[in-house]
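# Summary of structural features
Here are the chains, one letter per residue:
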Amino acid sequence: MIKYIMSRRVNERGLIGIGLCIIVFVLGYFVLNHVSTLEDPPLGNTIYILIGSALTFLSILGVILILKYMYDNKKRKERKERKRRKHKVFYLKDSNRSRSKNRQQAEQ
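Residues numbered from 1 in each chain as written. Predicted model: local features only at pLDDT ≥ 70, side-chain atom pairs only at ≥ 80, totals over all residues. Heavy atoms only, no water.

## Points about the overall build of the protein
A count of helical and extended segments in the protein gives four helices and zero strands. The linear arrangement of helices and strands in the protein, starting from the amino end, is α-α-α-α. The proportion of buried residues among the 108 residues of the protein is 16%. A separation threshold of at least 6 residues defines the contact pool for the protein, and within that pool the share at least 24 residues apart is 56%. Working note: accessible area of the protein is about 9800 Å², and carbon and sulfur atoms make up 62% of it. (Helix = DSSP H or I, 4+ residues; strand = E, 2+ residues; numbered from the N terminus. Buried < 20%, exposed > 50% of the residue type's maximum accessible area, 1.4 Å probe, protein only. Contact = heavy atoms within 4.5 Å. Areas by Shrake-Rupley, 256 points an atom, 1.4 Å probe, with all protein chains shown as cover.)

This is the structure:
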């Protein structure tokens, strides 16, 4: 499964990651607001409050980091393209040769 995800493009991987973060956020919200408010949960209310808070925080942090990575990757590609264009090999036209021929003809 990981090989399948890593073989995708950066934008597709970002969308998959954001989708997973949304699922984790919903799970954390459920744990925080529903399970922790039960009268007598199995491990106690405090554990579920901590788990729910941690899941929601981690999912929000994950979305922020994924968006930052995607933005930095886009900027990196633009920088690389600009650098490639600067060093692009091009050939001069034969305009210098034609000018010298025109001068020679004018002198004669």
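## Brief notes about the pattern of salt bridges
Summed over the entire model, instances satisfying the criterion amount to two salt bridges. We note a salt bridge from D72 to K68, for which the minimum N-O separation is 2.8 Å. With D72 and K68 both in helix α3 (residues 45–86), this residue pair falls four residues apart, about one helical turn. The partly exposed category is assigned to D72, whose relative accessible area is 28%. We classify K68 as partly exposed; its relative accessible area is 49%. For the salt bridge of K75 with E78, the shortest nitrogen-to-oxygen distance reads 3.8 Å. Of the two residues, K75 and E78 are both situated in helix α3; the distance of three residues between them amounts to about one turn of the helix. Taking relative accessible area as the criterion, E78 reaches 34% and is therefore assigned partly exposed. (Salt bridge = Lys/Arg side-chain N within 4 Å of Asp/Glu carboxyl O.)

## Some details on a nonpolar patch on the surface
A grouping of I22, F25, V26, Y29, I60 and I64 is seen on the molecular surface, where their side chains present a nonpolar patch of about 570 Å² in accessible area. Those elements that provide at least two residues to the nonpolar patch are α2 (10–35) and α3. Ranked by residues supplied to the nonpolar patch, first place goes to α2 with four residues. Using a relative accessible area of 48% as the deciding quantity, one classes I22 as partly exposed. (Patch = residues over 30% accessible without salt bridge, like charges linked within 9 Å, V, L, I, M, F, W, Y side chains within 5 Å.)

## Concerning the side chain of S59
Within the fold, S59 resides in helix α3. A relative accessible area of 4% means that S59 is categorised as buried. With near-sequence residues (within four places) excluded, S59 lies in contact with C21, V24 and F25.

## A few points about α2
Over its 26 residues, α2 extends 36 Å from the first C-alpha to the last, a length consistent with the 38 Å expected when each residue adds 1.5 Å. For α2, the complete set of buried residues consists of V10, G14, G17, I18, C21, G28, V31 and V35. (Expected span 1.5 Å × (residues − 1).)

## Remarks on the side chain of T56
Inspection of the secondary structure puts T56 in helix α3. By relative accessible area, T56 is classed as buried at 13%. Here the side chain of T56 touches S53 through a polar contact of 2.9 Å, landing on its backbone oxygen. Residues contacting T56, with those up to four places away along its chain left out, are F25, G28 and Y29. (Polar contact = N/O pair within 3.5 Å; in protein donor to acceptor, adjacent residues only side chain to side chain.)

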